[in-house]
Amino acid sequence: MTLKTKISAQEAMQVKKLFDDCKNVVILAHQSPDGDAIGSTLALWEYLTRKGKNATVIVPNYFPDFLKWMSGADKIVLFERQKSLSYNLLNMADLVCVLDLNMAFRMGEELGRVFTGLRRCKKLMVDHHIEPERKLFDTVISRPECSSTCELLYRLFTAIGAVDHLSLHAAEDIYAGMYTDTGGFSFNSNDPDIFLIVAELLRKGIDKDRIVRNINNFFTADRFRLMGYVLYEKLQVFPELHASIFSLTKEELKRFNYLKGDMEGVVNMPLAIRGHRLSISLREDSEKPLIWVSIRSYDDVSAKDMAARFFNGGGHFNAAGGRLENMTMEQAIDVAKQAIEAFREPLTNPNT
């Protein structure tokens, strides 16, 4: 069985030319970067650096500690803490690559504005989210059907003839991104090609068991106490609607010494309740007057549509997110309840 690249010959030629012609490259990802964002940006950074390019990864803000084992993670520039350096790097770049985001606003207001205003560089997007903001880019490689941006990046490397030259570190990064964005290959991962890619990454020498341990076994005892608190004290279950909500205020997060990444995967846990089809997480930001929303669903219950209608967000069909601004947690919970009620039919219809 041969891997289908899903990249046209014209697209491959355009990207290859961008990579061959560039000298100074900046690679960008979205706010609160996850495993797919960090994995894809570092894999591309590794490849371009080995090609002799002056490449730098810039992310808007902190990323979880359980991703810092990746080679090159210590060289990532944090925009919110290193703005002067970030501005200089962006102004010097002849190529800016945007990975794992489809719209500039997902970089954050300031970084998105800086990126949009760049005029002297080529711009490339590689992403798997719907509705890419094509007008801002010279070249767009968008495949929403892909499980992750890391999967798409591997297909792109295959299309441009770069796979044989990928380093072990880049292979590790790609596997980590694929693993995290599919919940350990438990959703959005029925394409047989995904496992052809995993097989090729294994042939390159990755230790997938070690990667999984690095991702899953890096938490503090406080994180487990926080999980217990969420499941015992905060989880609101609506049995008739096969749905649940849990919320955390900044005071509650502080009580459990919250670190970025501590809530990773917790929104999936209520879906283990028999018959459950929807889980909503509401988390208050520690610095800004907003509440972050994560939505996970099963079957034909569209998390993406719910995020767009009620939470100013979007995402994938069964995994989406959004935000509620200038709202108390009680008000946010009311909005979440309204969202669940609005989706009563798909939540309760056994045929969907």
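The rules behind each value
- Residues numbered from 1 in each chain as written.
- Predicted model: local features only at pLDDT ≥ 70, side-chain atom pairs only at ≥ 80, totals over all residues.
- Heavy atoms only, no water.
- Helix = DSSP H or I, 4+ residues; strand = E, 2+ residues; numbered from the N terminus.
- Rg over C-alpha atoms; globule rule 2.2 N^0.38 Å.
- Buried < 20%, exposed > 50% of the residue type's maximum accessible area, 1.4 Å probe, protein only.
- Contact = heavy atoms within 4.5 Å.
- Areas by Shrake-Rupley, 256 points an atom, 1.4 Å probe, with all protein chains shown as cover.
- Lys, Arg positive; Asp, Glu negative; His and termini not counted.
- Charge placed at Lys NZ, Arg CZ, Asp CG, Glu CD.
- 1 Å grid on protein atoms, 1.4 Å probe; cavity = no way out; pocket = protein on both sides within 12 Å on 5 of 7 lines; lining within 4 Å.
- Points joined across faces, edges and corners; volume = space filled by probe spheres on them.
- Nonpolar A, V, L, I, M, F, W, Y, C, P; charged D, E, K, R; others polar.
- Salt bridge = Lys/Arg side-chain N within 4 Å of Asp/Glu carboxyl O.
- Axes fitted to C-alpha atoms, helices over the stretch in contact; angles between N-to-C directions.
- Parallel < 35°, antiparallel > 145°, perpendicular 65-115°, else oblique.
- Right-handed = clockwise from strand over helix to strand, strands pointing away.
- Pairing = 2+ DSSP bridges.
- Left-handed = near helix turned anticlockwise from the far one by under 90°.

### Some words on the overall build of the chain
Scanning the chain for helices and strands turns up 13 helices and twelve strands. Taken over the C-alpha trace, the chain has a radius of gyration of 20 Å; the compact-globule value for 352 residues is 20 Å, and the two agree within 12%. Residue burial in the chain is summarised as follows: out of 352 residues, 53% are buried. If you take every contact in the chain between residues at least 6 apart in sequence, the share linking residues at least 24 apart comes to 66%. Surface accessibility of the chain: about 16,200 Å² in total, with carbon and sulfur atoms responsible for 49%. One finds the centroid of the 44 positive side-chain charges in the chain at a distance of 4 Å from the centroid of its 46 negative side-chain charges.

### What to know about the layout of surface pockets
Space inside the second largest pocket adds up to approximately 770 Å³. Around the second largest pocket, the lining is made up of 29 residues, and of these Asn61, Glu80, Lys260, Asp285 and Glu287 lie nearest the centre. Those elements giving two or more residues to the lining of the second largest pocket turn out to be helix H4 (109–117) and helix H10 (250–255). Considered class by class, the residues forming the lining of the second largest pocket number ten nonpolar, five polar and 14 charged.

### Concerning the pattern of salt bridges
Under the defined criterion, the tally for this structure stands at 22 salt bridges. Close ionic contact of Asp74 with Lys75 constitutes a salt bridge, the shortest N to O distance being 4.0 Å. This pair shows no difference in class: Asp74 is exposed, exactly as Lys75 is. A salt bridge links Glu341 to Arg344, with the nearest nitrogen and oxygen atoms 2.8 Å apart. Among the residues examined, Glu341 registers a relative accessible area of 40% and is labelled partly exposed.

### Observations regarding the packing of helix H2 (residues 35–50) against helix H5 (residues 149–159)
Two numbers describe how H2 lies on H5: the axes approach to 8 Å, and their chain directions differ by 25°. With respect to their mutual orientation, H2 and H5 come out roughly parallel. Each of Asp36, Gly39, Ser40, Ala43, Leu44 and Tyr47 in H2 lies in contact with H5, whose residues at this interface are Thr149, Cys150, Leu153 and Phe157. Within the contact of H2 with H5, the residues separate by chemical class into six nonpolar, three polar and one charged.

### Quick word on the environment of Leu248
For Leu248, the location among the structural elements is in strand S8 (residues 243–248). In the structure, Leu248 is positioned 27 residues away from Gly275 in sequence and 24 Å away in space, judged by C-alpha atoms. Sequence-distant contacts of Leu248, defined by excluding residues within four places in its chain, comprise Leu226, Tyr229, Val230, Lys234, Leu253, Met263, Leu282, Arg283, Glu284 and Met329.

### Structural notes on the pairing of strand S2 (residues 54–59)
Counting buried residues in S2 gives five out of six residues, a clear majority hidden from the surface. Handedness of the strand S1 (residues 24–28)-H2-S2 crossover: right-handed. Of the strand pairs in this sheet, S2 and strand S3 (residues 77–78) are connected by two bridges, and their pairing is parallel. By the bridge assignment, Ile58 is partnered in S3 with Val77.

### Considerations on the pairing of S8
Of all the six residues making up S8, six are buried; the element is thus mostly covered by neighbouring parts of the structure. Residue alternation in S8 divides its side chains into two sets, Ala243, Ile245 and Ser247 and Ser244, Phe246 and Leu248, and both sets are buried. Note: strand S7 (residues 236–238) against S8, three bridges, orientation antiparallel. Bridging across to S8, Val237 finds its partner in Ser244. Following S7, the chain reverses through four residues before pairing antiparallel with S8; His242 in that reversal takes a positive phi of roughly 55°.

### Here's the deal with the packing of helix H6 (residues 168–181) against helix H7 (residues 192–203)
Interaxial distance between H6 and H7 falls to 10 Å at its minimum, and their mutual angle equals 150°. The hand of the H6/H7 crossing is left-handed. Facing H6, whose interface residues are Ala171, Ile174, Tyr175 and Met178, H7 presents Ile194, Ile197, Val198 and Leu201. A class-by-class count of the residues in the contact of H6 with H7 yields eight nonpolar, no polar and no charged.

### As for the sheet that holds S3
Strand order in the open sheet formed by six strands is S3-S2-S1-S4-S5-S6, with parallel pairing between adjacent strands. This sheet does not close on itself; its edge strands, each paired only once, are S3 and strand S6 (139–142). As paired strands, S1 and S2 are joined by five bridges and run parallel to one another. Bridged to Val26 within S2 is Thr56. Against the sheet, helix H1 (residues 9–21) contacts strand S4 (95–99), strand S5 (122–127) and S6, and its axis sits at roughly 125° relative to S6.

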